[in-house]
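Results of the structural survey
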Amino acid sequence: MALQLLSWNCNGLNMPRKRKAVFHILKKEQLDLICLQETHVMRLHRKLLVNKRLGQEFISSDKVKKRGVVIYAKEKMSPKLIFKDEQGRFFAIEIQIQGEKFLIVGIYAPNEGKSEFFKKLHEILLDYLDYNLILMGDMNGVVSTNMDKAQRQILTKDGRLPKTFFEMTDNMDLIDIWRTKNPLEREGTFFSESKMTWTRIDQIWVTRGMAPKIKKVEICPKTCSDHNTVKMEMKQITTGSFRWRMNDTLFRDEEVYKKAQKTLRDHFEINMNTNVEKRVIWDASKAVMRGFLIQQNAIKKRSQNEKKDKILEKIKEGERKLRSKPKSQEILREIKLYQTQYMELMNQEIEWKIKQMRQKTFESADKCGKLLAWQMRKRQKLNTVTNLEVEGKSIYKPNEIRDCFQSYFKQLYSQGPQKEMDIDQFLKTHGLQKISHESKIALNQKITEQEIEGAIQNMQLGKSPGPDGLTSRYYKMLKEWLLQPMKEVCNEILEGKRAPETWKEAYITLIPKTETEKTQLKNYRPISLLNVDYKIFADILAKRLKKVLMEEIHRDQAGFLPRRHLSDNVRNIIDILEKLEVNINTKAVLIFVDAEKAFDNISWSFMKKNLQGMGVGQGFENGIGAIYSEQKAKLIVNNVVTEEFKIEKGTRQGCPISPLLFISVLEVLLNMIRRDQLVKGVQVGAKQYKLRAFADDLVLTLQEPES
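None of these values were measured; they are calculated from a predicted model.

As a further point, take the overall build of the chain. Tallying secondary structure elements over the chain gives 19 helices and 26 strands in all. Dimensions of the chain, computed from the C-alpha atoms along their principal axes, are close to 100 × 70 × 50 Å. Among the 707 residues that make up the chain, the fraction classed as buried is 50%. At a minimum sequence separation of 6, the contacts of the chain that also span at least 24 residues come to 70%. Looking at the chain as shown, the accessible area adds up to about 36200 Å², and 51% of this sits on carbon and sulfur atoms. A gap of 3 Å separates the mean positions of the 123 positive and 92 negative side-chain charges of the chain.

Let us look at the nonpolar core. Soluble globular proteins: nonpolar side chains tend toward being buried together. If you look at the biggest cluster of nonpolar residues, it comprises 102 residues, and the most contacted ones within it are Phe405, Tyr474, Trp503, Ile536, Tyr628 and Ile657. Ranked by residues supplied to this core, first place goes to helix 15 (residues 532–552) with twelve residues. Residues lining this core come from more than one domain, with at least three contributed by each of domain 2 (250–383) and domain 3 (389–444 + 498–554 + 600–664). When neighbours within four sequence positions are excluded, Tyr628 is seen to be in contact with Tyr534, Trp604, Met607, Lys608, Gly650, Thr651, Arg652, Cys655, Ile657, Ser658 and Leu661.

Time to look at the pattern of salt bridges. Across all of its chains, the model carries 39 salt bridges by this definition. Between Glu193 and Lys336 there is a salt bridge, with the nearest N and O atoms lying 3.1 Å from each other. One end of the pair, Glu193, is in the loop between strand 10 (190–192) and strand 11 (197–199); the other, Lys336, is in helix 7 (residues 329–364), and 143 residues separate them in sequence. Given a relative accessible area of 42%, Glu193 falls into the partly exposed group. Of the charged contacts in the structure, one is a salt bridge between Asp248 and Arg473, with a shortest N-O distance of 3.9 Å. Here the residue Asp248 occupies a position in the loop between strand 14 (230–235) and helix 5 (254–271), and Arg473 occupies one in helix 13 (residues 472–477), the gap between them amounting to 225 residues.

Attention shifts here to the domain arrangement of the chain. Examined at the domain level, the chain breaks down into domain 1 (2–235), domain 2 (250–383) and domain 3 (389–444 + 498–554 + 600–664). The C-alpha centroid of domain 3 is placed 50 Å from the C-alpha centroid of domain 1.

Each value, and the rule that gives it
- Residues numbered from 1 in each chain as written.
- Predicted model: local features only at pLDDT ≥ 70, side-chain atom pairs only at ≥ 80, totals over all residues.
- Heavy atoms only, no water.
- Helix = DSSP H or I, 4+ residues; strand = E, 2+ residues; numbered from the N terminus.
- Buried < 20%, exposed > 50% of the residue type's maximum accessible area, 1.4 Å probe, protein only.
- Contact = heavy atoms within 4.5 Å.
- Areas by Shrake-Rupley, 256 points an atom, 1.4 Å probe, with all protein chains shown as cover.
- Lys, Arg positive; Asp, Glu negative; His and termini not counted.
- Charge placed at Lys NZ, Arg CZ, Asp CG, Glu CD.
- Core = buried A, V, L, I, M, F, W, Y, C linked by side-chain atoms within 4.5 Å.
- Domains from an automatic or database assignment.
- Salt bridge = Lys/Arg side-chain N within 4 Å of Asp/Glu carboxyl O.

Spelled out as structure tokens, the structure:
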């Protein structure tokens, strides 16, 4: 795992065509931090530089179309501005990587007055000696006139960086990391056509102690600017396991799609008539297709980049020749020809992206769909956890943060000792009433291909997949070959056989609750990323159960059932408040109850016995028992996957049937409140209103509370 940083003097970004090309090239590189110099974008037009796909922007601009520095940093690094000048020459941001703080300084040094410029910067940097420093940008001078200027030039001190620069690097203990990694190489980053000379004026300097972490530094071929980019790769501590996700665009290729169909068909034809368990064959099919898709994706990427890579190699080769023969007009023309070819490829890619965006806009029209939601929503900066407060201590180190989360959720999902006889006795008295014979038959029918096809059809595209990495598009595109095997697996589960092993797995991603303290472990909502085939099975059971619960769950509960709306409950509460406002002598109280970690604390034993008491039938009980037993999960903390741990209680937030199981358990408690004669609701005419519920959020409306 490495952090990608890039420095580039882009020589102007005011022209829309060039700006699009630069942004497109940078986006393809998948960089974590980008520093661009000489943007020429004036302060008034700084919005032109905003590009959230590249990262959070930090801009230093002048009042006129000169100079200008911008840094894009991924939000996972929690970037923040530390200082900047007002002439578009330099500024610094702080980032955090695996608990360490780094100060990134973007520089565009002047041609005149370099000595004073670096003296001023040095004075500012002296206040940040405790940081790991990375200076990147156009220094407008070379370190060594011997090594960093064209080989055949007459050696002079012209163009060498001033004494104040080297005083700064000495005092701050900085090293020229490219020269450190390439002590004998002669390369340039800027070719002056007027003087026909090469110089290495674009540099990256880092704190000496960081040198072992720097994996690679390279000067990349020149493309759409007169400067080469300088790219640095910084090693990070490798943590967690690899998360693969299927590339949905693969099936746009007809040849790949046909190969996928054949691979899947062959697997099932060979294995389905053997003595091997159907669940094992099913899991094996996913492993086979995963290997196939990884292979095809690698082939596609290779073919896509092959042409560009060849052109870039030609540019690089031309630049090497030009360094030895800087006066050669022929080599210069050859380089420019390849640069033009490269930009044509980039422009073709940009045009294709624009066409895709227009198509999406046309399809969305005036609907409040995904595209509009993506454009409108605030980009939340909540997904990166930089520190926690645990038992009065502040935790900053990434591995310790992960350990705290894992320990907390491992304990949360551990089921303590339970008295099964007490549960039986309690449900005998307070359990839900038996369902009808017709409902029982509907719940226990064999699962049909039509039900599976309907569940697949309802799956939304673009959703995060589970641990197997297979998206809903996989099931939509290959359903013709998946329906029959999946039907057999599902019906074997209803008959009492075990579910596939992959259905027990989950990734748990942590979403911070809004308007709560992010440093508290309890303020993170665990959302389970489940495999799509598991969700198809659970969705079928949920649709069956939903029809039954419509008759069994009181109208007071507005959550998760069709034709029930939160607005009805809100209107009811407002009506009660208005009534109490008029009848000022009526004593009443409204109690708002929100159970902490309600979904995560449901006892599986209680839930299953409650369903058994309702008389849902053996087949349905088998289905629930298969998916709510032996569960295991891994947390995703700051995009790193933790070790696996067992889950022994709770309903998975992210599972289609989970909300229905939750409200069926909660209904037992709500029925007890409704039947309790000592609990008196607000009287409106002949009717009493005791409570309203939306999932686990309850409002108790009680009259004469003192009695």
